[in-house]
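Inside the fold
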Amino acid sequence: MPKNSFFTINYIRQKFKDFYMQNYVSKIIDVSKREFGIGDFGKKISSRHLFFKNLDDFNKYLVIKTPFFVSYSVGYYKFPDRRPMENKQWYGADIVYEFDSDDFDLPCHDKHNVWVCQNPSCQKEGFGNLERCPYCNFQTKIIQWTCDVCLNKAKEETIRLIEFLENDFNLDSSTFIISFSGSKGYHLRITDKSIISLSKSSRLELMNYILGNDLNIEKLGFVLENKTFKTPKIDSNGWSKKILEKLVEIISFYDVDLFSKNFNISKRKANIIFKNKEVILKKLYHNNILWNDFTDANIFWKDVINFCVMCIRLKIDPQSSSDIYKIMRVPDTIHGGSGFLSSYIKSVDDLKNFDAFSDPIILGDSFKKIKLNHITPKFRLKDQFYGPFEKNQIIEVKEYVAIFLILKGVANFE
Ligand SMILES: [Zn+2]
Ligand SMILES: [Zn+2]
């Protein structure tokens, strides 16, 4: 810990306090039935089992104690502050989904993440996700960064999941609470009364459906008969519909290269398929079959259908989403690892327009001098780009940039 850390923590806490004095946090359903957890500088959860009678009490607490992180349970309890857990008397839970930018395997991670050698006599660092220091082969620590590309990916997946839940489960979307995590991604909390009392195993079943686990493509209407694939009707629902839509997209937009690369077929065969797009689509729409006037057509189509399933399935951690005791960040509270608001987002349209590097910024813009203790990639806050910065570089930046870098652990007040 740097020398000025006590000053720094209090300074930042005061900034958070000022925010909570001006802003009332209200996006919590059934406050008095929830368990709350809080965290402090550098620690997301330092204590749990807190309870608030109502929103007023909760907001007073934020102003007086001002924790760096605030979470509340997905579960509903008769006695939220009792412990151990069984004494709380659980009687239901929301379902939550988290999409973090680092869950996706994207090339941008190698550009903006930073490895730091943990060998005290080396301490070199660089960009990328190297597990071992290239200079001394010692273990490294990774500092994760985000960018528009990976946060947009998390956003797209959140939107896809919302559509999944609305269309396939008939859930009431007005009970969906969408929020920015305050750092790496998005959260979705379903509070629809019909799911609250589901057991853990029913929740896992629901997850398996979304993940497309154990899908039986025959049951979905893709039936192989005499080497011809029959397809479900074009106005089908659920997974059948999703696979059909993806099939149409692939047939319509893939070129010879994409066909041969993705489905391991010769250029000659890919060319035949490409040239017969119109025929394929016509047969699919009118005869509900996959055109098979080429060798091993059934093998090709089976690959395509499996590929469609792979594209459609959502990357969600099934264990985390079926955990009925977990706690999740309270929307519209501050994330103490970035200084950003974990903004409540009203609708899917607002989510589409949400700018994660601008909209959640709540701190001031007076200038502060800080010293970097790690390298940083180039990054954007509001409409300005910063960096890349060198280790030990001293910079003067707006307060929200300074506090963002300090909370991220890569800078200190100078
Ligand atoms: Zn090293
Ligand atoms: Zn990225």
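Let me sum up the structure you'll find in this document.

About the cut-offs
- Residues numbered from 1 in each chain as written.
- Chains lettered and ligands numbered in written order.
- Predicted model: local features only at pLDDT ≥ 70, side-chain atom pairs only at ≥ 80, totals over all residues.
- Heavy atoms only, no water.
- Salt bridge = Lys/Arg side-chain N within 4 Å of Asp/Glu carboxyl O.
- Helix = DSSP H or I, 4+ residues; strand = E, 2+ residues; numbered from the N terminus.
- Buried < 20%, exposed > 50% of the residue type's maximum accessible area, 1.4 Å probe, protein only.
- 1 Å grid on protein atoms, 1.4 Å probe; cavity = no way out; pocket = protein on both sides within 12 Å on 5 of 7 lines; lining within 4 Å.
- Points joined across faces, edges and corners; volume = space filled by probe spheres on them.
- Nonpolar A, V, L, I, M, F, W, Y, C, P; charged D, E, K, R; others polar.
- Pairing = 2+ DSSP bridges.
- Axes fitted to C-alpha atoms, helices over the stretch in contact; angles between N-to-C directions.
- Expected span 1.5 Å × (residues − 1).
- Donors = N, O, S within 2.8 Å, 3.2 Å for Na, K, Ca; no water.
- Tetrahedral: all angles 85-135°; square planar, octahedral: opposite > 155°, others 65-115°.
- Phe/Tyr/Trp six-rings, centres within 6.5 Å; stacked < 30°, edge-to-face > 60°.
- Lys NZ or Arg CZ within 6 Å of the ring centre and 35° of its normal.

This model, assessed by the stated rule, comprises 18 salt bridges. With its nearest N and O atoms 2.6 Å apart, the salt bridge here joins Lys-326 to Glu-98. Remark: Glu-98 occurs in strand β6 (residues 95-100) and Lys-326 occurs in the loop between α12 (318-321) and β15 (327-329); sequence separation between them is 228 residues. According to the relative accessible area criterion, Glu-98 is partly exposed, its value standing at 27%. With a shortest N-O distance of 3.1 Å, Lys-230 and Glu-225 are connected by a salt bridge. For Lys-230, a relative accessible area of 38% puts it in the partly exposed group.

Attention shifts here to empty space enclosed by the protein. For the structure shown, the criterion picks out 1 cavity of 30 Å³ or more. For the largest cavity, the calculated volume is near 60 Å³. Along its surface, the largest cavity is lined by Val-96, Ile-177, Ser-179, His-187, Leu-188, Arg-189, Met-328, Arg-329 and Pro-331. Elements represented by at least two residues in the lining of the largest cavity include exactly β10 (176-180), β11 (185-190) and β15. Broken down by element, the lining of the largest cavity gets its largest block of residues, 3 residues, from β11. Taken together, the residues of the lining of the largest cavity break down into 5 nonpolar, 2 polar and 2 charged.

Moving on: the sheet that holds strand β1 (residues 36-40). Read from one edge of the open sheet, 4 strands run β2-β1-β3-β15, paired in antiparallel fashion. Because the sheet does not close on itself, it has two edges, and the strands there are β2 (43-50) and β15. The sheet shows a mean angle of 30 degrees between the axes of neighbouring strands, direction not considered. Relative to strand β3 (residues 69-73), β1 runs antiparallel, the two sharing 4 bridges.

The end-to-end C-alpha distance of helix α11 (residues 297-312) is 23 Å, a good match for the 22 Å that 16 residues give at a rise of 1.5 Å each. Every buried residue of α11 is accounted for by Ala-297, Asn-298, Phe-300, Trp-301, Val-304, Ile-305, Cys-308, Val-309 and Ile-312.

Attention shifts here to the coordination of the zinc ion (ligand 1). Each protein donor to the zinc ion (ligand 1) is listed here as Cys-117 (SG), Cys-122 (SG), Cys-133 (SG) and Cys-136 (SG); together their distances run 2.2 to 2.3 Å. What the 4 donor atoms of the zinc ion (ligand 1) show is an angle range of 98 to 116 degrees at the metal, which sorts the shape as tetrahedral. On the basis of relative accessible area, Cys-117 is assigned to the buried category, the value being 3%.

For the rest of this paragraph, the subject is the packing of aromatic side chains. Applying the stated criterion to the full structure yields 34 aromatic pairs. Ring plane angle 80 degrees and centroid distance 5.4 Å describe the contact between Phe-169 and Tyr-209, whose orientation is recorded as edge-to-face. With Phe-169 in helix α4 (residues 148-169) and Tyr-209 in helix α6 (residues 200-211), this pair connects stretches of sequence that are 40 residues apart. On the basis of relative accessibility, which here comes to 28%, the residue Tyr-209 falls in the partly exposed class. On the numbers, 5.3 Å between centres and 10 degrees between planes, the contact of Phe-340 with Phe-404 is stacked. With Phe-340 in the loop between β15 and β16 (344-345) and Phe-404 in helix α14 (residues 399-407), the pair connects residues that are 64 residues apart, well separated along the chain. Residue classification places Phe-404 among the buried positions, given a relative accessible area of 8%. Ring-pair connections join several aromatic residues into one group, and the members of that group are Tyr-254, Phe-259, Phe-263, Trp-291, Phe-294, Phe-300, Trp-301 and Phe-307. Positioned above the aromatic ring of Tyr-76, the side-chain terminus of Arg-34 is 3.9 Å from the ring centre. When the ring centre of Phe-79 is taken as reference, the NZ or CZ atom of Arg-82 above it lies at 3.7 Å.

Looking now at the coordination of the zinc ion (ligand 2). The coordination sphere of the zinc ion (ligand 2) contains the protein donors Cys-108 (SG), His-112 (NE2), Cys-147 (SG) and Cys-150 (SG), at a distance range of 2.1 to 2.3 Å. Classification of the site at the zinc ion (ligand 2) as tetrahedral follows from its 4 donor atoms and the range of 106 to 116 degrees in their angles at the metal. The class of Cys-108 is buried, set by a relative accessible area of 8%.

Another aspect to go through is unusual backbone geometry. Negative phi values dominate among residues other than glycine, just as trans dominates among peptide bonds. The amide bond that connects Arg-83 to the next residue, Pro-84, takes the cis arrangement and shows omega of 0 degrees. A cis amide bond, omega 0 degrees, links Gly-387 with the succeeding residue Pro-388. Looking at the element boundaries, Pro-388 is found in the loop between β19 (384-386) and β20 (394-398). One non-glycine residue, His-49, lies in the positive phi region at around 65 degrees. Mapped onto the elements, His-49 comes out in strand β2. Even without being a glycine, Asp-332 presents a positive backbone phi close to 70 degrees. Mapping Asp-332 onto the fold places it in the loop between β15 and β16.

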